[in-house]
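A closer look at the structure
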Amino acid sequence: MRTASAAAMEIVKSTAPALEKHGLAITNAMYARLLQDAEIASLFDRAAQESGEQPRRLAGAILAYARNIDKLQNLGAAVQRMVARHVETGVRPEHYPHVANALLPAIRDVLGAEVATDEVLAAWGEAYWMLADILISAESQAYEDAVAA
Ligand code: HEM
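Sequence order as written defines residue numbering, which begins from 1 separately in each chain. Where local features are concerned, this predicted model is filtered to residues with pLDDT of at least 70; where side-chain atom pairs are given and counted, the filter is 80 or more; whole-chain, interface and lining totals use all residues. No hydrogens and no water enter the side-chain calculation; it runs on all heavy atoms of the structure.

Note the cut-off: UniProt positions are given in the numbering used here, feature names are shortened, and annotations may be inferred rather than shown by experiment.
Labelled according to an unreviewed UniProt entry, the protein appears under the name Globin domain-containing protein, originating from Novosphingobium tardum. Quoted verbatim from the Sequence similarities (unreviewed entry) heading of the UniProt record, the comment on the protein is "Belongs to the globin family."

1. Describing the side chain of Thr89
Condition: Note on conventions: DSSP H or I runs of at least 4 residues are helices, E runs of at least 2 residues are strands, and numbering of each starts at the N terminus. Exposure is judged per residue with a 1.4 Å probe applied to protein chains only, and the accessible area is read against the type maximum: over 50% gives exposed, under 20% gives buried, and values in between give partly exposed. Working rule for contacts: check all heavy atoms of both residues, and any pair within 4.5 Å makes them a contact.
Topologically, Thr89 is positioned in helix 5 (residues 76-89). On the accessibility criterion, Thr89 (9% relative accessible area) is buried. In contact with Thr89, not counting residues within four places along its chain, are Leu43, Arg46 and Ala47.

2. A word on the coordination of the iron atom of the ligand
Counted only if it meets this: Shown as donors are all N, O and S atoms within 2.8 Å of a metal ion, widened to 3.2 Å for Na, K and Ca; because water is not in the atom set, sites may appear incomplete.
A lone protein donor contacts the iron atom of the ligand, and this donor is His86 (NE2), found at 2.0 Å. Structurally, the position occupied by His86 is in helix 5.

3. Let's talk about the site of the ligand
To be explicit about the condition: Here, proximity means that at least one heavy atom of the residue falls within 4 Å of the molecule or strand. Each polar contact in these results corresponds to two N or O atoms within 3.5 Å; when the atoms are within protein, one needs to be able to donate a hydrogen and the other to accept it, and residues that are neighboring in sequence are counted only if both atoms are side-chain atoms. Throughout this entry, Asp, Glu, Lys and Arg are counted as charged residues, while Ala, Val, Leu, Ile, Met, Phe, Trp, Tyr, Cys and Pro are counted as nonpolar. The remaining residues, Gly among them, count as polar.
Contacts to the ligand come from 23 residues, most closely from Arg57, Leu58, Arg81, Arg85 and His86. A distance of 2.9 Å separates an oxygen atom of the ligand from a polar side-chain atom of Arg85. For the shell around the ligand, the leading source of residues is helix 5, giving 5 residues. Class assignment for the residues of the shell around the ligand results in 15 nonpolar, 5 polar and 3 charged.

4. Looking at the packing of helix 6 (residues 96-111) against helix 7 (residues 118-148)
Two quantities define a packed helix pair, namely the angle between the helix axes and the distance between the axes. To keep things clear, this is the line we draw: The convention used is that axes are lines fitted to C-alpha atoms, helices contributing only their stretch in contact, and that angles between N-to-C directions extend from 0 to 180 degrees. These descriptions rest on fixed angle ranges, namely under 35 degrees for roughly parallel, over 145 for roughly antiparallel, 65 to 115 for roughly perpendicular, and the rest for oblique. Each helix crossing is assigned a hand: it is left-handed if the near helix lies turned anticlockwise from the far helix by less than a right angle, otherwise right-handed if that turn is clockwise.
Axis separation between helix 6 and helix 7 bottoms out at 10 Å; the angle between their running directions is 150°. When the axes of helix 6 and helix 7 are compared, the pair comes out roughly antiparallel. With respect to the hand of their crossing, helix 6 and helix 7 are arranged in right-handed fashion. Note on element contacts: helix 7 touches helix 6 through Asp118, Leu121, Trp124, Gly125, Tyr128, Trp129, Ala132, Leu135, Ile136 and Glu139, opposite Tyr96, Pro97, Val99, Ala100, Leu103, Leu104, Ile107 and Arg108. For the contact of helix 6 with helix 7, the residue count by class is 14 nonpolar, 1 polar and 3 charged.

Next comes the structure, spelled out in structure tokens:
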């Protein structure tokens with residue numbers, strides 16, 4: 001499990017309000033990047049048939065959780081919901097870099113390089129991978145349980 005450093009957590013918390021304020025623009029920029037990959041797009045096409053809400057919640061969740069990055073132990077129920085949805089839609093560990101590679105440039109696109117400096121993006125990268133590792137591990141357990149059942 002990767003854990004964000006204390007310094008990265010401080011940076012993330014200090015920039016979280018700006019990111020949340022621009023959340024919709026960041027989400028849109030992220031999806032424009034993410035859905036360029038056909039395999040990733042097909043995961044969301046399948047999901048869209050079941051849920052009209054569509055992917056928007058994903059980036060929103062990352063931003064909200066990064067804001068609570070020093071209280072991640074309180075996220076149990078929300079994490080279970082994400083895990084369940086990811087397992088239903090067939091999300092795999094190898095998909096996670098695609099979301100990181102879409103989200104971090106989207107943050108820079110929207111906030112600009114003067115606010116979203118290399119240091120800020122690196123801190124957000126640490127925050128992303130900390131949450132991703134929690135999800136990946138819970139999801140691999142859920143896939144194993146499904147095979148065993
Ligand atoms: C740290 C990384 C991630 C976070 C925080 C996250 C968060 C979320 C959240 C909050 C939801 C909505 C759950 C609900 O229905 O209440 C969701 C759904 C979903 N996520 Fe993730 N996710 C992450 C990574 C990924 C990755 C890597 C993929 C695959 C590329 C992915 C694909 C999906 C899909 C297909 C759905 C269902 C969308 C729908 O309901 O229309 N997610 N995720």
